[in-house]
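Here is how the chains run, residue by residue.
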Amino acid sequence: MDIRIFETSEELDLYAAEIFRKLINEKPNAVLGLATGSTPVGIYAKMVEDYTNKKVSFSGVTTYNLDEYVGLTPDNDQSYAYYMNKNLFSHVDIPAIQTHLPDGMAEDPQEECVRYEAMINACPADIQLLGLGHNGHIAFNEPDEQLSAGTHVVKLKEETLEANARFFASIDDVPKEAYTMGIGSILKANTILLVVRGSDKAHIVKEALTGPITTQVPASLLQTHPRVTVLLDREAGRMLG
């Protein structure tokens, strides 16, 4: 596990964007596993900047997102499809047909899970971008006695609903369920890039990266992957030795 700590978010964003730029320039048809939330916003901004400055083209790239809320349409401004278009897709030359998220409006959730998992299996990510939840969740894989390997629908824990409430008018508006790649889906990626920011994540960073491997801290299972790069700002990394 390659752990890097940065003094500023700007330095972290530049480093992460460079990882993506180098991969795509070396492999124009690269498959990217992408994440949402506040953590990747600066990274996507740098990727857009690289495209604008003609340092990279996304025309051959395929993307798969980790998750999507159940019951939100792609044009809902809180859906992850909307987020991805706002922060990345609409600013670069990637064809829409090459971008993939679970369908939040699918009539049969179980069929949608099977469909999405089959796509991931057929086209494993060269790199999977991840954030880290306060309770150790990655994607929407919440702490539990058992974790699902493949794409599934999850009922969101109260702490996750509270964390996501800032994006909605009230916590009552936060969808209670989401589609998510499973831990097994995530671990199929060739390389994993975990990005964490903020002093409020320092404890869970230490627990996930150096503590025991347990389903109660889903991110701890990343310790089993052979190629994980961890990018932390100074605050998130303050409890590491």
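Draft legend 1. Structural view of the side chain of H137. By the secondary structure assignment, H137 is in the loop between β6 (127-130) and β7 (152-155). According to the relative accessible area criterion, H137 is buried, its value standing at 13%. A distance of 2.7 Å separates the side chain of H137 from the side chain of N135, its partner in a polar contact. Aside from chain neighbours lying at most four places away, what touches H137 is G131, L132, E142, P143, T160 and P218.

Draft legend 2. Structural view of a nonpolar patch on the surface. Taken together, the side chains of M1, I3 and I5 make up a nonpolar region of the molecular surface, amounting to roughly 240 Å² of accessible area. Looking at where I5 falls in the secondary structure, it is placed in strand β1 (residues 2-6).

Draft legend 3. Region of the structure containing the sheet that holds strand β8 (residues 177-180). Across the sheet, three strands lie side by side as β4-β8-β7; this open sheet has antiparallel pairing. Two strands in the sheet have a free side with no partner beyond their single neighbour: β4 (67-69) and β7. Direction aside, neighbouring strands of the sheet carry axes that sit 30° apart on average. As judged from the three bridges shared by β4 and β8, these two strands associate in the antiparallel manner. Each bridged residue has a counterpart across the sheet, and for Y69 the counterpart in β8 is A178.

Draft legend 4. Expanded view of the layout of surface pockets. Of the pockets and cavities examined, the largest pocket occupies roughly 850 Å³. The wall of the largest pocket is formed by 38 residues, among which T36, G37, S38, N164 and F167 lie closest to the centre. For the lining of the largest pocket, the secondary structure elements donating two or more residues are β4, α3 (80-87) and α5 (158-164). Looking at the lining of the largest pocket residue by residue, the class counts come to 16 nonpolar, 14 polar and eight charged. Within this model, the second largest pocket holds a volume of roughly 190 Å³. Taken together, 15 residues form the lining of the second largest pocket, with P74, A81, N85, T99 and L101 sitting closest to its centre. Among the residues making up the lining of the second largest pocket, the classes are represented as eight nonpolar, five polar and two charged.

Reading the values: the criteria
- Residues numbered from 1 in each chain as written.
- Predicted model: local features only at pLDDT ≥ 70, side-chain atom pairs only at ≥ 80, totals over all residues.
- Heavy atoms only, no water.
- Helix = DSSP H or I, 4+ residues; strand = E, 2+ residues; numbered from the N terminus.
- Buried < 20%, exposed > 50% of the residue type's maximum accessible area, 1.4 Å probe, protein only.
- Polar contact = N/O pair within 3.5 Å; in protein donor to acceptor, adjacent residues only side chain to side chain.
- Contact = heavy atoms within 4.5 Å.
- Patch = residues over 30% accessible without salt bridge, like charges linked within 9 Å, V, L, I, M, F, W, Y side chains within 5 Å.
- Areas by Shrake-Rupley, 256 points an atom, 1.4 Å probe, with all protein chains shown as cover.
- Salt bridge = Lys/Arg side-chain N within 4 Å of Asp/Glu carboxyl O.
- Pairing = 2+ DSSP bridges.
- Axes fitted to C-alpha atoms, helices over the stretch in contact; angles between N-to-C directions.
- 1 Å grid on protein atoms, 1.4 Å probe; cavity = no way out; pocket = protein on both sides within 12 Å on 5 of 7 lines; lining within 4 Å.
- Points joined across faces, edges and corners; volume = space filled by probe spheres on them.
- Nonpolar A, V, L, I, M, F, W, Y, C, P; charged D, E, K, R; others polar.

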